[in-house]
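Structural overview
Spelled out from the first residue to the last, the chains are:
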Amino acid sequence: MSPQIVSLDSLTASPSARRGGCASSSCGTSAPPADIDAATWEKIKDHPCYSEEAHHYFARMHVAVAPACNIQCNYCNRKYDCSNESRPGVVSERLTPEEAVRKVVAVAAAVPELSVLGIAGPGDALHDWKNTRATFEAVRKVIPDIRFCLSTNGLALPDHVDEIADMAIDHVTITINAVDPKIGARIYPWIFFDHKRRTGLEAATILLERQMLGLERLTARGILVKINSVMIPGINDHHLPEVNRAVRARGAFLHNVMPLISDPAHGTHFGLTGQRGPTPAELKALQDRLEGGAKLMRHCRQCRADAIGLLGEDRGQEFILDRLPETVAYDPAARDAYRAFVAAERGDRGAARDDALRCIDAVADDARLLVAVATKGGARVNEHFGHAREFQVYEAGPKGITLIGHRKVDAYCMGGFGEDATLGPTIAALDGIDTVLCAKVGDCPREALLAAGITVTDAHAYDYVETAVGKVYAERFGRAAAVA
Ligand SMILES: C[S@@+](CC[C@H](N)C(=O)[O-])C[C@H]1O[C@@H](n2cnc3c(N)ncnc32)[C@H](O)[C@@H]1O
Ligand code: SF4
Ligand code: SF4
């Protein structure tokens, strides 16, 4: 099977959405959000992880060139692999740098949304620095405008900051789960440092010190740093506000608090010893508590180390090595055209969002609504309920309309028929949601969701998400007239 070519129309696939022309005075521009300076916006405006807004439009790909790791985390087992599973550290095939370059060029030729190449394991990008560097250097020669991104536990980071800066790697993620070694020792059984394996408090103390040093050195060089923290109930959940303060003080750009995944089938220490992950409500409560500190990332999908596509979709299986031609010619025209399309969409959507926010402003009290949106990109309500593999969750309230997370589900509709067995888990996954927005929904799931207290509607199909959420909010709280 050859890779599927993405069409711009697939994002805006309705006559009303393809309205041509431009409703906004800011058409064709993409001005930075109020809290971001112009230089930073230039670095993040096409990075789907560093900008929530960009993640509606731009794709990343990870290449699995870094299999080895210099530490052990109690939640990680890189030996377990399943092509159907989306989880960090999981890959279908490990690549040499040469194979990785072939894959990147093939993806860039077929996926015009591609803007970022990341190395996130399956081990540690800096422990396997030779492979990481060789991959980035070779890709840069073929695709000069692609952004580079890497993820590390931080142990080797202080030694590589100069090279990272020299190679124009603008985005680095460090996983920091604790700033107190006593808590760290419950997460990391060992590290390998300075030719020796170290355990217990000594291991955690060294690792945490190296993480902070690496963070300070990166931010001093103007590199944008995202901190990942895995939320582990009973171990570091109460401690993450302290982590948030510590990384903010050292200039971290984003803090991404992710839920622990600990299925016993994965064979991790935490999975096998019954350590649970947080519920969506617990994760949201912690993230809400952290608001006002280091800026939060709330749209992370905890991707595989070989993920390809928009966040929330994974097209990795389309591009496994066996399916790629030996040589692929790269032509930047499709990516250039896509960027021009996005610039126009952004202007249009910005104007629509301003309209939507006016109806939120119109409601003075503390009325809140949690809305789950079925979307396949482009910041529009454009996915059928039965085809959705995730719903993006928006909170509408006095502070505006904000993406606060997502809920993964199994697609309800297989080959044209709804599967009632799938609907139960979908309803459970939508716990706490008031309304679901989608492009199309059948009577059967609509009634089943209603019986569970969740309304679902396709009345706002192909609207921008904020426009649709604003309308639902206004209808619910009696200000329908506020949104035209
Ligand atoms: C697979 S790691 C690769 C990069 C690097 N070795 C690191 O740990 O930062 C990518 C991210 O996945 C996270 N991760 C791995 N296993 C996880 C799990 N079971 N639950 C939640 N996050 C996990 C890590 O903490 C890290 O932030
Ligand atoms: S540092 Fe990353 S790759 Fe290494 S054990 Fe931890 S999660 Fe796995
Ligand atoms: S794991 Fe999170 S930060 Fe990394 S590529 Fe996926 S969405 Fe972005």
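Just so you know, these numbers come straight off a predicted model, no measurement behind them. (Residues numbered from 1 in each chain as written. Chains lettered and ligands numbered in written order. Predicted model: local features only at pLDDT ≥ 70, side-chain atom pairs only at ≥ 80, totals over all residues. Heavy atoms only, no water.)

Right, let's talk about the site of ligand 3 for a bit. Residues in contact with ligand 3, as listed here, are Cys-49, Arg-60, His-62, Lys-226, Met-297, Cys-300, Arg-301, Gln-302, Cys-303 and Leu-311. Within the shell around ligand 3, the residues separate by chemical class into 5 nonpolar, 2 polar and 3 charged. (Near = heavy atom within 4 Å. Nonpolar A, V, L, I, M, F, W, Y, C, P; charged D, E, K, R; others polar.)

Our focus in this paragraph is helix 3 (residues 129-142). Each full turn of the α-helix corresponds to 3.6 residues, which orients residues three or four apart in the same direction. Helix length check: helix 3 (14 residues) gives 20 Å between terminal C-alpha atoms against 20 Å at 1.5 Å per residue, within 8%. All buried positions along helix 3 are accounted for by Trp-129, Thr-132, Thr-135, Phe-136 and Val-139. Projection of helix 3 onto a plane perpendicular to its axis shows the buried side chains occupying an angular sector of 135°, all on one side. Opposite the buried face of helix 3, at more than 90 degrees from it, the exposed residues are Lys-130 and Lys-141. Residues of helix 3 that are buried make contact with helix 2 (97-110), strand 3 (114-119), strand 4 (147-152) and helix 4 (161-166). (Helix = DSSP H or I, 4+ residues; strand = E, 2+ residues; numbered from the N terminus. Expected span 1.5 Å × (residues − 1). Buried < 20%, exposed > 50% of the residue type's maximum accessible area, 1.4 Å probe, protein only. Arc of directions from axis to C-beta. Contact = heavy atoms within 4.5 Å.)

Attention shifts here to the nonpolar core. Core analysis: the biggest nonpolar cluster contains 60 residues, and Val-63, Leu-117, Ile-164, Ile-169, Ile-174, Leu-218 and Val-247 have the highest contact counts within it. For this core, the element with the highest residue contribution is helix 2, accounting for 8 residues. Ignoring anything within four residues of it in the chain, the contact list for Leu-218 reads Leu-157, Val-161, Ile-164, Val-172, Ile-174, Ile-223 and Val-225. By size, the runner-up hydrophobic cluster in this structure holds 32 residues, among which are Ile-71, Cys-149, Leu-207 and Cys-300. (Core = buried A, V, L, I, M, F, W, Y, C linked by side-chain atoms within 4.5 Å.)

In a regular helix each residue adds 1.5 Å, so 14 residues correspond to 20 Å; helix 2 covers 20 Å between its end C-alpha atoms and thus fits that length. Across the 14 residues of helix 2, 10 count as buried, placing the element largely inside the fold.

Turning our attention to the pattern of salt bridges. Side-chain pairs of opposite charge can arise where the charged atoms are in close proximity. Across all of its chains, the model carries 29 salt bridges by this definition. As a salt-bridge pair, Glu-42 and Lys-45 come within 3.2 Å of each other at their nearest N and O atoms. Using a relative accessible area of 42% as the deciding quantity, one classes Glu-42 as partly exposed. The class of Lys-45 is partly exposed, set by a relative accessible area of 22%. Glu-318 is the partner of Arg-315 in a salt bridge, and the nearest nitrogen-oxygen pair spans 3.0 Å. Residue Arg-315 is classed as buried on the basis of its relative accessible area, which comes to 6%. (Salt bridge = Lys/Arg side-chain N within 4 Å of Asp/Glu carboxyl O.)

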